[in-house]
Every structure is written in structure tokens, then in C-alpha cells.
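Spelled out, the chains give:
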Amino acid sequence: MSVLGIDDPWIWGAYVLCILSTLLCIIYGILKWNEGAEKEAEEIVEELKWEKEEEKMEEQELGDD
Amino acid sequence: MIKMNIILFTVIVLIYLVVTLYLGYRGWKGTKNAEDYLVAGKKIHPWIMALSYGATFISTSAIVGFGGTAGVYGMGLLWLTFLNIFLGIFIAFVFYGKRTRKIGHNLGALTFPELLGKRFNSKFIQWFSGLVIFLGMPLYASVVLIGAARFVETTLGPIGMNYDIALMVLAIITAAYVVYGGLKGVIYTDALQGVIMFIGMIILLFMTYTQLGGITAAHQALTNMADKVPASAAKAGMTGWTTAPIFNSPWWWTLFSTIVLGVGIGVLAVPQLCVRFLTVKSNRELNRAVPMGGLFILMMTGVAFVVGALTNVYFFQQDGKISIQETVTAALPNGNSDSIIPIFINRALNGNEWFIYVFMLTLLAAAMSTLSSQFHVQGSALGRDIYETLTGRKGHNSILITRLGILLSIIIAVVLGYILPANIIARGTSVFFGLCAASFLSMYTLGLFWKRVTREGAIAGLVIGAVADVFLFVFMHSAESKPLGIAKMVLRRDTLLTEMPWPVVDPVVIALPLALVVTVVVSLMTTADKRQVEKSFKGV
């Protein structure tokens, strides 16, 4: 069977899988678009703590100290 | 011949610089520190976030290096795109990302080696991982630089630019970029690069398919070129650009074990990709980044590999040569796959100079943001993960050593850029990704998902994975062992085992399962530190 001008199923299979896996990503994202909202505020606070630590590290690497 | 429009080029460079500086200024103005960054970040659409991630993590290596490799190996490279989307985006974001974020925050880890070290409460793991990264990453940084230099060489060739000058100029610009920023507040600039790359690749795909008569016709034309496969490649197992190589042939092993598997699996354990999960604000944001992430990878690597393979049809119709023959020069009688994409874009889009220049600038910007993060990762590996952990000293010295590490990494990358051979971008990337997979993937995965894994198990897996991978490169995998020459000196032959397929089986195929088995077996024989597990998994 030839699909889109490619005869080898190992190759057109990969072509099709690329598109299917992208669709999987898109569908997953749409379905879960609002999931996790309840914990988000808490997570952002936690992230902030981390970002501050990281900023300190970067400043030390690059700042004039 | 490739023409050059200097006035147009200058105008585009100036516009690009002004827009970038404006966006950079806007980003910087609102975000002086981490708090502002996060507050600003909250208002940004997750797709802008995803685009800016994409632009940072897709570099010249994927488009120029692997695109050119597709010109040689054909559409089988699409398996890599599939793995990049399925493992590198879906599995990575949905499963690895959330746990990495939570566990990383629980442990207060800032770097990838620190995350691994703290998860198992082991300083050894941290400095040894840092060492693997510091020694392995220069190769990867160098090939990203090479990809950018090849594009500049081709596009600006008509005004006397050559590869050596391009490499030096790019290195200087990158060094300045690393020192002056490329850090916080660049989200708009990154997103702009992402958008240009996205549009650029759509145009490239559309133009390629149209020029070759449509999707099916273009593929069919490539299928029909199976008899144009060079004799040497056919002997190695190549059957065409739209057919899989002969099973178990050298060509098959190189395509599927080195290029597809090495990079496709390695993507889960590459330090600069893993730490990005620590910088994501929330799980919701991770979920929302998945669609754009998948689409972005498809449009970057998928398009680069399809177009890369189809360049054969274009060049054959134009002058009766396949792509790799187009890159033959006096200095490179066997051609250079790293030049296929730059030459194709410059030739096929002739008459659309504006687009070529914008595309080149985007590729350069993408290369620079990737390089900048690579150099930072190497610097902190030396200063924070190796020096601080080994000496137990913090403060002035470790900062100095981190900076020294960054400087050293830049110098090594440039020197490697001058001495590495042609056809190196994809291979160099694969060596580094394979090393990361063999060393880190087992303990990283088990550390996230299996509470029973122990410090001893992790250490054993890390050391055996890294040592086995390096050993196999030096003594077994002929593509590296032959040019390195150490095997020849010690064993008086190029590889330890000479019967097929051993010299062409990529080290990751052996080293990764070995590391996994060792990690599990040693863990089962020892006991995990309960307090450490509780601390790590709090709230997971």
C-alpha cells in the first residue's frame, strides 16, 4: 500500500504517527485546559520561592559582586 | 548561484535588532526580579510561553544538522520527530514535568545534578553528574555553533564570508549575549523568535511541496529516486529516501540506534531540558503548554526532516545531483550534510531574499539562546555542582569558578568548532544525548516514580551507565573509535569486537539498559532512606 507517495509502511507510518502524536498533544491540552486550577495559587507561591533562589544564583554568576 | 542583496540584508538586520531590543526592553522594564517575572508571567498566554520554550530548545542543531541528515538518510528520521513529540513533549510534560517540578521544589534544587544529588542525598551523585555534563556538553554546544556558522557561511558567502570568520564572529556575539543577558525578561523576544521560526517553517514546507508538485507527487518523486542512492550508501544498507534501510545493516543501525533512539530517548534526560520544568509556574501551565509544544516540534523537526529528504528531488531536478553531491567542495570531496539545508534554503527561495535573511537571523537567535543556556549549565556544573560539592565551600570562589566555567565552555566550543570534521552536527548531538540517557535517565526516572530506588542503586547505575557509554564510544562504536584512535593504540584494531553489527550499534543501546538493570538490582539489595523519600515525595 502506498500512502502519500511513500510505499514503505515503516516510513509512512512514522509520517502518520508524527501527526497523530501532535493531535494527542492538542486534544490533551484542550481537555485539561482548566485542570489543576485549585492548586495553582499554592504552586505559584512555591515557584516564586524557587525563582528567587535561582535569581540569586544567576546574579552571583553574572553580577559584579 | 546564490545572490546577495546587501541593502535589503542591512535593512532587515536593523529592523530585527530594533524590534528585538524594544521587546527586550519591554520585558526587562516590567520584570526586574523574579517576583515581577512571575507576576508578568501570569498574564502571558500559555502559548506564548510554549513558543518561547520552543525557541529556546530547538536550535540550529535540529533544523540545520538533522535536516541535512534527513537529506542523506531520508524520511526515516521522522521516527525521531515522533519520539520528540511523544516522549519529549507528551510524556515529558505530562509525567516527568509535574513530578520534577514538585520534587525539585521540595528539595530546593536549582540545577539538574543538584536535583539528582538531593533526591538521593548524595554529594557524589551531584559532582559526578556535574562532571559528566561539563565534559560532555562542549561537543553539543559546539555543534549548535557550527550549525549557525554553516548557515551564515552559505548566505553571506557572496560578500566574502567564510566558515572560519563566521564561527569567530558568532562566538564573540554569543559571549557578549551570555554576559549581558539572555536571562530573565526575554520572554517576548523568545516568543518572537518562536513565531518567526514557526512561520518560516510553514513557508518552507509550503514552498517545497508546491515547487515539487504537491505532497503526494513530491514524495512519489523521492520514492522514484531509489536507484540514485550512491553505491557506497547502498552497500551499507540504504534502499532509498522513503524506504527503511536493510534490517541489521550499518545504515539501519546508524539511523535507528544513533540518530533516532539516541536523541529521541536522550531528550528525557538532558539537563537543560529537565531544569525547564523547575521554571514552570504550575501544573496547569504545563498542561496548557502541551498542545503548542507538540505542534511546535512537529513544525520544526517534522518539516526540517521532510524538507531535508525532499531536497534530493529539488537538486536532482535542477542539476541532476542528489543533495550530498551539491555540498561537495575541493576541501570536502565527500560532501557535508551540515550544508544541505543552508544551500537548499538559499537556492530554492532565491527571489525571496527577505525571507532568507529573516530566517537566518531567527536561526542565529535560536542558536544563541540555546548556547547561552548551555554555557550557563556548564558553568554551574563546574562551580556549583563540582567545586562547591567537593570542597564544601560556597561564596566568592565558587562564583569565580562558575564564571571561569562559562568562559572555558565558550572557548572549548569555539576550538571544537574549528577542529571537528564535516557531517558532525547530528552525530555530536546524538553523542551528548546518548551520554545523558545512559548516565541519568535510569536514576532520574526511577527517582521520580519508584520510592524503592536507593542511593547505592542510583550511584551504581550512574557510574556504570556513564563509564559503559564512554568506553563503548572509545573502543566499540567505529564512527567515534576510529577517528579517536585510542582503540587502535591499545588494541591494534579500530573496535574491540569486529563482527557485525557491534561496531555500528550505538553505545546507548547497551549502556542504558545496563544502567537500568544495575540501578534496579542494587536498589533491591539495599534499603532506601525513608525520611529522604518522604521529603522528596511530599505532596506528590
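Data block above holds the structure.
Cut-off values and rules
Chains are numbered independently. Their residues run from 1 in the order of the written sequence. Going through the entries in the order they are written, you letter the chains from A and number the ligands from 1. In keeping with the predicted nature of the model, local features appear solely for residues at pLDDT of at least 70, side-chain atom pairs appear and are counted solely at 80 or more, and the whole-chain, interface and lining totals rest on all residues. Only heavy atoms go into the side-chain values, all of them from the structure, while hydrogens and water stay out. By definition in these notes, contact holds between two residues if any of their heavy atoms fall within 4.5 Å. Salt bridge, as used here, is a side-chain nitrogen of Lys or Arg placed within 4 Å of a carboxyl oxygen of Asp or Glu. Within 3.5 Å is the distance limit for a polar contact, defined as a pair of N or O atoms, with the added protein rule that one can donate a hydrogen and the other accept it, and that residues adjacent in sequence qualify only through two side-chain atoms. Labels follow the DSSP assignment, with helices taken as runs of H or I lasting at least four residues and strands as runs of E lasting at least two, numbered in each case from the N terminus. Only the stretch in contact is used when fitting a helix axis, every axis being a line fitted to C-alpha atoms; angles between N-to-C directions are given from 0 to 180 degrees. Convention used here: angles under 35 degrees read as roughly parallel, angles over 145 as roughly antiparallel, angles from 65 to 115 as roughly perpendicular, and any remaining angle as oblique. For a crossing to be left-handed, the near helix must be turned anticlockwise from the far one by less than a right angle; the clockwise case is right-handed. Residue polarity follows a fixed list, in which Ala, Val, Leu, Ile, Met, Phe, Trp, Tyr, Cys and Pro are nonpolar, Asp, Glu, Lys and Arg are charged, and the others, Gly among them, are polar. Stacked, edge-to-face and tilted are the three classes for Phe, Tyr and Trp ring pairs, Trp counted by its six-membered ring, which pair at centre distances within 6.5 Å; planes under 30 degrees apart are stacked, over 60 edge-to-face, the rest tilted. Under the scheme applied here, a residue whose accessible area is under 20% of the maximum for its type counts as buried, over 50% as exposed, and between as partly exposed, the area being computed with a 1.4 Å probe on protein chains only. Both a distance and an angle decide whether a charge sits over a ring: NZ of Lys or CZ of Arg must be within 6 Å of the ring centre and within 35 degrees of the ring normal.

Draft legend 1. Highlighting the interface of chain A and chain B. Between chain A and chain B, the residue contacts involve 47 residues of the former and 66 residues of the latter. For the pair chain A and chain B, the number of links is zero salt bridges. Here chain A and chain B share nine residue pairs in polar contact (both at pLDDT 80 or more) between them. Elements with a minimum of two residues in the side of chain A that touches chain B: α1 (9-31) and α2 (40-62) of chain A. Sort the elements by how many residues they give to the side of chain A that touches chain B and α2 of chain A lands first, with 17 residues.

Draft legend 2. Highlighting the packing of helix α6 (residues 112-119) of chain B against helix α19 (residues 425-449) of chain B. Residue and element names in this part refer to chain B. Look at α6 against α19: their axes get within 11 Å of each other, and the N-to-C directions meet at 55 degrees. Regarding the angle of α6 to α19, the classification is oblique. α19 is crossed by α6, and the crossing has left-handed handedness. Across the interface between the two elements, Phe112, Leu115, Leu116 and Arg119 of α6 pack against Phe440, Met443, Tyr444 and Gly447 of α19. Classifying every residue of the contact of α6 with α19 by side-chain character gives six nonpolar, one polar and one charged.

Draft legend 3. Spatial organisation of the packing of aromatic side chains. A full pass over the atoms with the stated rule returns 30 aromatic pairs over all chains. With centroids separated by 6.2 Å and ring planes inclined at 50 degrees, the aromatic side chains of phenylalanine 151 of chain B and phenylalanine 359 of chain B adopt a geometry described as tilted. With a gap of 208 residues between them, phenylalanine 151 of chain B in helix α7 (residues 123-155) and phenylalanine 359 of chain B in helix α17 (residues 353-391) connect regions that are remote in the sequence. With a relative accessible area of 2%, phenylalanine 359 of chain B lands in the buried category. Ring centres of phenylalanine 247 of chain B and tryptophan 252 of chain B lie 4.8 Å apart, and the angle between their planes is 75 degrees; this geometry places the pair in the edge-to-face category. You can call tryptophan 252 of chain B buried: its relative accessible area is 19%. Linked through ring pairs, Trp10 and Tyr28 of chain A together with Trp79, Phe82, Phe86 and Phe90 of chain B together constitute an aromatic cluster. Its guanidinium or amino end placed over the ring of tyrosine 163 of chain B, arginine 150 of chain B lies 3.9 Å from that ring's centre, counting from NZ or CZ.

Draft legend 4. The arrangement of the packing of α7 of chain B against helix α16 (residues 340-348) of chain B in detail. All names here are of chain B. Running from N to C, α7 and α16 cross one another at 35 degrees; their axes reach a closest spacing of 9 Å. Judged by the sense of rotation from one axis to the other, the crossing of α7 with α16 is right-handed. For the pair formed by α7 and α16, the contact residues are Arg150, Phe151, Thr154 and Thr155 on the first element and Pro342, Ile343, Ile345 and Asn346 on the second. In terms of residue class, the contact of α7 with α16 is built from four nonpolar, three polar and one charged.

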